[in-house]
Amino acid sequence: MADPTNSELAAALDELGDLYELDGAIIHRVVAYRNAAKAIRETPEPVARMVRDGRVTDLPGVGATLEEKLTALLETGTIPAAEKLRATFPPGVVEMTRLEGLGPKKARRLHAELGIDSLDALRAAATEGRIRELKGFGPKAETALLAALDAHAERPAGTRVALPAALEAAERIVDGLRAVPAVARAEVAGSARRLADSVKDLDVVVAADDPAAVVTAFAALDVIGSCDRGGEGGARGLTQNGLAVDLRIVPPATFGNLLQHFSGSKEHNVRLREMAVRRGLHVSEHGILDDATGETTRCATEEEVYARLGLPYVEPELREDRGELDPGFDPPGLVTLEDLRGDLHCHTVASDGHGTIEEMARAAQALGHAYLAITDHSASHGFGNDVSPEALVRHIAAIHEVDERLTGIRVLAGSEVNILPDGSLDYADDLLQQLDWVVASVHTSFRMSAEKMTARIVRAVEHPLVDVIGHPTGRLIERRPGYEVDMAAVIDAAARTGTFLEINGQPDRRDLSDVHARAAAGAGVKLVLDSDAHRTTTLDRQRWAVATARRAWLTPDDVANTLPWKELDALRARGR
């Protein structure tokens with residue numbers, strides 16, 4: 001019997017975490033299972049092999065206890081603890097915990113007190129008005145549950161993976177295929193190449209004169225969990241983390257046509273074909289057919305495709321039919337990671353980070369940064385250790401001490417301050433005045449109305465000591481939509497006050513989104529591209545903020561932290 005894929009192993013640990021949470025286990029135990037599942041899902045190497053080789057504890061968050069459970073799963077097909085808990089909580093109860101706003105405690109009560117054991121039973125009980133009779137629920141709770149059930153039913157089927165994990169798998173595939181002598185070129189295509197927020201499947205295109213050798217090599221790659229040979233033109237497979245892969249192989253002479261076609265997006269390609277038809281041309285992955293002459297132009301590069309159509313080359317990140325094919329399009333010089341001079345959002349052991357001030361600063365300097373803002377969480381939202389006002393005073397002094405001692409990098413004393421429900425901040429102004437940099441973010445009370453949330457954030461934007469609004473919509477990609485907020489009003493306020501808005505580089509945030517970031521830049525708001533790093537090894541997450549910025553058409557001029565600190569300092573609201 002074939003080993004389970006990483007996706008299947010991760011699903012087993014996710015389920016066990018859900019069952020433990022339903023059973024009332026301490027939250028740290030539940031989080032440990034979920035973190036381990038995430039690490040396994042995102043590992044390109046077969047984790048089953050790592051278990052058999054005794055190396056699985058090399059993965060972050062996987063210790064001896066989890067190794068024992070994974071070993072049992074491989075040897076017996078199940079985890080004994082999960083079997084025991086399944087007898088108590090039916091699968092439908094676990095599924096109920098995944099509804100927005102329900103959670104394990106309420107799901108456990110609904111099961112224990114009303115016998116609700118499935119989503120269908122939950123809908124029936126809510127429709128019949130039986131849930132409102134339970135203490136702590138009521139009519140509003142019933143209405144919210146029905147809305148959550150509708151949203152759950154409308155959620156698209158299939159696995160979507162955040163871009164970093166998808167791109168890592170794709171790049172391993174491409175690197176493996178490039179080592180095949182028959183391969184002239186191999187590239188990632190599709191939404192992964194366009195650096196979208198998340199990816200449903202992978203497209204890999206190859207130029208080769210021996211397709212059979214390419215397919216054989218593809219099927220043998222560690223990152224591929226299974227492969228269906230599709231003939232000489234390519235193959236289909238599944239990665240270890242459950243992503244479908246479509247491999248296409250063509251002769252080198254038409255590689256540009258294939259790469260352009262499979263890079264998409266669908267909207268971009270439809271518009272491109274419509275424009276071509278008006279000129280008597282027909283565009284496909286096989287070439288560009290001229291109706292007048294009957295000749296087909298085959299292109300080895302994408303640049304040749306766009307040139308044949310009389311168009312400037314369009315960077316992959318811009319191919320969403322958002323104006324890149326309009327008459328007079330002038331390709332912007334998109335911002336790059338190398339353009340960034342510093343990082344203005346990171347955390348240390350003072351709150352929920354895992355590195356000291358000096359460790360974070362030295363790691364940032366190794367990445368080429370000239371400045372780094374240490375912005376540990378404020379006290380009111382309970383992340384990690386509380387940074388009380390008194391502790392912040394000591395923390396500022398510690399940051400200044402490191403700044404004075406290190407050469408070649410400016411270490412700024414900052415804070416990520418919680419925006420309270422009324423829009424005020426949870427440190428007094430005289431304390432904020434002592435900081436070099438203030439990030440203001442929403443971390444509590446997400447379910448406010450759009451009107452109240454907008455007023456809350458706008459008030460923070462208008463605060464004279466706030467430099468930037470962190471992750472302004474609060475979204476978590478594929479996990480949680482942003483809270484209700486009128487971003488147009490927030491952008492208008494930022495443009496009026498000179499407050500910056502952040503594109504947060506955490507892979508599951510990338511917030512602002514590309515759409516909002518483009519609107520902000522269009523209104524004259526400067527963006528800040530940050531890592532929000534919680535350890536030295538995640539400072540490189542600025543690359544995902546850059547990915548979003550490029551999809552938003554941003555140039556270095558649109559981004560504040562492409563500037564030296566002295567110029568940025570003068571540009572911000574309090575500097576003026």
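Calculation criteria
- Residues numbered from 1 in each chain as written.
- Predicted model: local features only at pLDDT ≥ 70, side-chain atom pairs only at ≥ 80, totals over all residues.
- Heavy atoms only, no water.
- Buried < 20%, exposed > 50% of the residue type's maximum accessible area, 1.4 Å probe, protein only.
- Helix = DSSP H or I, 4+ residues; strand = E, 2+ residues; numbered from the N terminus.
- Arc of directions from axis to C-beta.
- Contact = heavy atoms within 4.5 Å.
- Pairing = 2+ DSSP bridges.
- Phe/Tyr/Trp six-rings, centres within 6.5 Å; stacked < 30°, edge-to-face > 60°.
- Axes fitted to C-alpha atoms, helices over the stretch in contact; angles between N-to-C directions.
- Right-handed = clockwise from strand over helix to strand, strands pointing away.
- Core = buried A, V, L, I, M, F, W, Y, C linked by side-chain atoms within 4.5 Å.
- 1 Å grid on protein atoms, 1.4 Å probe; cavity = no way out; pocket = protein on both sides within 12 Å on 5 of 7 lines; lining within 4 Å.
- Points joined across faces, edges and corners; volume = space filled by probe spheres on them.
- Nonpolar A, V, L, I, M, F, W, Y, C, P; charged D, E, K, R; others polar.

A. Fine view of helix H21 (residues 514–522). For H21, the complete set of buried residues consists of Asp-514, Ala-517, Ala-520 and Ala-521. Burial along H21 is one-sided: seen end-on, the buried residues are contained in an arc of 125°. Tucked inside the fold, the buried residues of H21 contact helix H20 (487–497), strand S16 (500–504), strand S17 (527–530) and helix H22 (542–551). Where H21 ends, the next residue or the one after it, Gly-524, has phi of about 90°, a positive value.

B. Region of the structure containing the sheet that holds strand S9 (residues 287–290). The strand order across the open sheet built from three strands is S8-S9-S10, with neighbouring strands paired in antiparallel fashion. Edge positions in the sheet fall to strand S8 (281–284) and strand S10 (296–297), since each of these pairs with one other strand and no more. In the sheet, S9 pairs with S10 via two bridges, with the strands oriented antiparallel. Bridging from a neighbouring strand, Ile-288 pairs with Thr-297 of S10.

C. Region of interest: the packing of aromatic side chains. Counting across every chain of the model gives seven aromatic pairs. Considering the side-chain rings of Tyr-20 and Tyr-33, the 5.3 Å spacing of their centres and the 35° angle between planes classify their relative orientation as tilted. One end of the pair, Tyr-20, is in helix H1 (residues 6–22); the other, Tyr-33, is in helix H2 (residues 27–41), with 13 residues separating them in the sequence. When its relative accessible area of 8% is taken as the criterion, Tyr-20 is described as buried. Using a relative accessible area of 4% as the deciding quantity, one classes Tyr-33 as buried. Aromatic pair Tyr-371 and Trp-565: ring centres 5.7 Å apart, planes at 55°, arrangement tilted. Taken together, the positions of Tyr-371 in strand S12 (residues 371–377) and Trp-565 in helix H23 (residues 565–571) put the pair 194 residues apart, joining distant regions of the chain.

D. Spatial organisation of the sheet that holds strand S11 (residues 342–343). An order of S11-S12-S13-S14-S15-S16-S17 is seen for the seven strands of this open sheet, with the pairing classed as parallel. At either end of the open sheet lies a strand with only one pairing partner, and these are S11 and S17. Pairing analysis gives two bridges linking S11 to S12, with the strands arranged parallel. Residue pairing across strands places Asp-343 opposite Leu-372, the latter belonging to S12. Sitting on the sheet, H22 is in contact with S11, S16 and S17, with an inclination near 145° to S17.

E. Structural context of helix H16 (residues 357–366). The set of residues buried in H16 consists of Ile-357, Met-360, Ala-361, Ala-363 and Ala-364. Seen along its axis, H16 keeps its buried residues to an arc of 165°; they face one direction. The secondary structure elements touched by the buried residues of H16 are S12, helix H17 (389–405) and strand S13 (410–418). Remark: Gly-368 follows H16 within two positions and exhibits a positive phi of approximately 95°.

F. Structural detail: the pairing of S16. Burial runs high along S16: five of the five residues are buried. As defined by bridge partners, strand S15 (residues 468–469) adjoins S16 across two bridges and the pair is classed as parallel. Residue pairing in the sheet places Ile-469 in a bridge with Leu-501 of S16. Traced from S15 through H20 to S16, the parallel crossover comes out right-handed. Judged from the four bridges that link them, S16 and S17 form a sheet pairing that is parallel. Looking at the pairing, Ile-503 lines up with Leu-529 of S17. Note that the unit made of S16, H21 and S17 has a crossover that is right-handed.

G. Examining the nonpolar core more closely. With 63 residues, the main nonpolar core has Val-411, Ile-457, Ile-469, Leu-501, Ile-503 and Leu-529 as its most contacted residues. Judged by nonpolar contacts, the second largest core, of 47 residues, contains Leu-22, Met-50, Leu-74 and Val-94.

H. Region of interest: the layout of surface pockets. Its volume calculated, the second largest pocket comes out at about 410 Å³. Those elements that place two or more of their residues in the lining of the second largest pocket are helix H10 (163–178), strand S2 (183–189), helix H11 (190–193) and H22.

I. Expanded view of empty space enclosed by the protein. In total, this model carries two cavities of 30 Å³ or more according to the counting rule given. Of the volumes computed, that of the largest cavity is approximately 40 Å³. Here the lining of the largest cavity is composed, by residue class, of four nonpolar, four polar and two charged. Taken together, Gln-260, His-261, Asn-269, Leu-272, Arg-273, Val-283 and Ser-284 make up the lining of the second largest cavity. Put simply, the parts of the chain that give the lining of the second largest cavity at least two residues each are helix H13 (255–263), helix H14 (266–278) and S8. For the lining of the second largest cavity, the element with the highest residue contribution is H14, accounting for three residues. Looking at the lining of the second largest cavity residue by residue, the class counts come to two nonpolar, four polar and one charged.

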